Structures are given as structure tokens and as C-alpha cells.
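Read off the chains here:
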Amino acid sequence: MVKIKSVLKWLFIGCVLLFIYFPILFLTVNSFNESDMIQSGWQGFSLAHYEYFFSFENEPLQVVLQTIALAIVVAFLSTVLGTVGAIGLYYSKKRVNGVLSAANRIPVINAEVVTAISFALFVSFFGFDKGTYIPLIVGQMILCTPFVVLSIVPKLRQMDNNLYEAALDLGATPTKALFSVVIPQILPGIIAGFLLAITLSLDDYVITAYTKPDSFTTISTHIYGLDKNNVVGPQIKAAYWAFTAIIFFIIVAIVVVANIITYRKARSKKR
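Values in this document were obtained by computation on a predicted structure and should not be read as measured data. (Residues numbered from 1 in each chain as written. Predicted model: local features only at pLDDT ≥ 70, side-chain atom pairs only at ≥ 80, totals over all residues. Heavy atoms only, no water.)

**Q** Would you mind going over the overall build of the chain in detail, with residue names and values included?
**A** Along the chain, the regular secondary structure elements total 11 helices and 0 strands. The order of helices and strands in the chain, counted from the N terminus, is α-α-α-α-α-α-α-α-α-α-α. Taken over C-alpha atoms, the radius of gyration comes to 23 Å for the chain, far larger than the 18 Å a tight globule of 271 residues would show. C-alpha extents for the chain along the principal axes are approximately 70 × 65 × 35 Å. Of all 271 residues assigned to the chain, the portion counted as buried reaches 33%. Residue pairs at least 24 apart in sequence account for 69% of intrachain contacts in the chain once pairs closer than 6 positions are excluded. Per element, the accessible surface of the chain, about 17200 Å² overall, is 69% carbon and sulfur. Counting 20 positive and 14 negative side-chain charges, the chain places the centres of these two groups 21 Å from one another. (Helix = DSSP H or I, 4+ residues; strand = E, 2+ residues; numbered from the N terminus. Rg over C-alpha atoms; globule rule 2.2 N^0.38 Å. Buried < 20%, exposed > 50% of the residue type's maximum accessible area, 1.4 Å probe, protein only. Contact = heavy atoms within 4.5 Å. Areas by Shrake-Rupley, 256 points an atom, 1.4 Å probe, with all protein chains shown as cover. Lys, Arg positive; Asp, Glu negative; His and termini not counted. Charge placed at Lys NZ, Arg CZ, Asp CG, Glu CD.)

**Q** Let's hear about the packing of helix H5 (residues 112-126) against helix H6 (residues 134-158): which residues, and what values?
**A** Between H5 and H6, the least distance of the axes is 11 Å, while the angle of their chain directions is 145°. Viewed along their axes, H5 and H6 form a crossing whose handedness is right-handed. Two secondary-structure elements touch here, H5 through Glu 112, Thr 115, Phe 119 and Val 123 and H6 through Pro 135, Val 138, Gly 139, Ile 142 and Leu 143. Taken together, the residues of the contact of H5 with H6 sort by class into 6 nonpolar, 2 polar and 1 charged. (Axes fitted to C-alpha atoms, helices over the stretch in contact; angles between N-to-C directions. Left-handed = near helix turned anticlockwise from the far one by under 90°. Nonpolar A, V, L, I, M, F, W, Y, C, P; charged D, E, K, R; others polar.)

**Q** Can you break down the packing of helix H3 (residues 59-90) against helix H8 (residues 174-203) residue by residue, with the values?
**A** In the contact formed by H3 and H8, the axes pass within 8 Å of each other and the chain directions differ by 140°. The orientation of H3 relative to H8 falls into the category oblique. Along this stretch, H3 crosses H8, giving a crossing that reads as right-handed. In contact with Thr 67, Ile 68, Leu 70, Ala 71, Ile 72, Val 74, Ala 75, Phe 76, Ser 78, Thr 79, Thr 83 and Ile 87 of H3, H8 contributes Leu 178, Val 182, Ile 183, Ile 186, Ile 190, Gly 193, Phe 194, Ala 197, Ile 198, Ser 201 and Leu 202. Residues of the contact of H3 with H8, tallied by class, amount to 17 nonpolar, 6 polar and no charged. (Parallel < 35°, antiparallel > 145°, perpendicular 65-115°, else oblique.)

**Q** Explain the environment of Ile 4 residue by residue, including any values.
**A** Structurally, Ile 4 can be placed in helix H1 (residues 2-30). Put simply, Ile 4 and Glu 34 are 30 residues apart on the chain and 43 Å apart in space, counted from C-alpha to C-alpha.

**Q** Go over the packing of aromatic side chains, please, and point to the residues and values.
**A** As enumerated under the stated definition, the model contains 10 aromatic pairs in all. Between the aromatic rings of Tyr 90 and Tyr 91, the centroid separation amounts to 5.0 Å while the plane-to-plane angle is 85°, which identifies the pairing as edge-to-face. Relative accessible area serves as the criterion here: at 40%, Tyr 91 is assigned to the partly exposed category. Grouping aromatic residues by their ring pairs yields a cluster made of Phe 32, Phe 45 and Tyr 50. (Phe/Tyr/Trp six-rings, centres within 6.5 Å; stacked < 30°, edge-to-face > 60°.)

**Q** Describe in detail the confidence of the model for the chain, supporting the description with residues and values.
**A** Overall, the predicted model of the chain reaches an average pLDDT of 84, with 96% of residues at or above 70. No element of the chain has a lower mean pLDDT than helix H10 (residues 219-228), at 79, and none a higher one than H3, at 91. (pLDDT = per-residue confidence, 0-100.)

**Q** Summarise the environment of Glu 51; cite the residues concerned and give the values.
**A** Of note, Glu 51 is situated in helix H2 (residues 48-53). You can call Glu 51 exposed: its relative accessible area is 57%.

Structure follows, in C-alpha cells:
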């Protein structure tokens, strides 16, 4: 009976993992397929999709670099704003803290399409020029900043406030105490917020579609445009299979390395 329960447990876990990762694994396998069409089946092993993707003359690599550059800019600005907002939120009075915390959660709970349409109407009403990239960056910051705040606030609550007070008593200015005491203690939350903001920016389609300049394209808008406009570009789409595989392998490598480091640290502490 115990063995049956164990088998069923692992079978259930395997089904869940298969459901989550099968599409990624399917595209990863097809990224080495010679054919540009999945419907054609396996036509032989080939690295043609990777060669096409890494050629700067082709669209996919340019689009990916543009998207990454946008994500880094948005993540940096959102992290700075979110860090300031989280610290101000934490040190505010209880009633103000409650109101601001609730306001910060609204964009997180709210549907992204509502935020995107509202911001697009705001940009249109005031006549902001989308060619300046400002509406695009600000729009994505509205999406990312609340998540950065939510990543940092728990670290502030775990922080020992006596250290900040001690720094002030020893003659440090509030600014010096902030950067020497507070920031180092909440740095893991800041890094987590930065990485989360990059992920959200890379993944965003709705806000980007409404606010981007006509000459600017991200991964999501580019792929959607290929399908919407019936562009005959199977080779371009197949190149994104290669990009999917690269990102998947990078993430798996990071997770494995991080787990190995954590395991070694845990073993060294036991010794």
C-alpha cells in the first residue's frame, strides 16, 4: 500500500512537471530540426536555426537585443524607484503605511490589460510623443515597480532596526546610515526585485503594444506581428525556437549551480 502511494505521488509530480515543461522541451528539440515547420516532422539534425538567430543581419537577434536593453533600463529605474518607495513605506506611520500598501497592491492584482489601456488613454489624452520612448518606459515601470516594492518590504521587516539607530548614535548622517546599514541588509530583496522587473519587462506585450514607437519592436510584439500580418517568415519563427532553447539552458544551468552552492554551504556549516 505504501509503495502504491509512493508511485502515485511520483506519477502525479511527473505529470505536473510534464504539463509545465513539455512545450518548452518540444520547442527545444525542434530548434535542432532542419525543418522550419513543426508540422513537417523531424527532417534531421541541424544548427541552421541557431546560425540564423546569431546573425546580426537578421531580425531575431536585433529584436532580442532591443528587448533586453529596454528590460535593463526599465528594471534599473523601477528598482531605484521601488527601493525608495519601499523604504518610505516601511518608515511611514501605520495608517499611511496601510493606505500606501493597499495602493501598491492594486497594479499587482489588477489585470495588466486594464493598466495598459488606462495608461494608453492617458498618453493619448495628454498628447505625449511615443517616439521619445518615455511612454513605453514609464508604462513598463508602472507594471514593474509595485513588484519591486513587494520584494523589498519583507527584507525591511526582517532588518534589525537597532543597527540603523546605532549608526546614527555613532555620528553617521541619515544618508550614510542608509547606504551603509539599510541598503546592505535589504540588498537580496533589491536584487530579487531587479530580476523580477527584468522578467516582467521581457514578458510584457500589452503595455508595450500600446505605448511603443512604431519603429521599435520587442520579442512579443514581433512574434505577434508575424502571425497577425500573415508574414511569410517560418525561418524567423524557427529562430525563436533556438532563442527559447538558449534561455532554457541558461536558466537550468543557473538553478543547478545555485543549488550546488547552497548544498555545499549547508554541508560546510554542518561540519
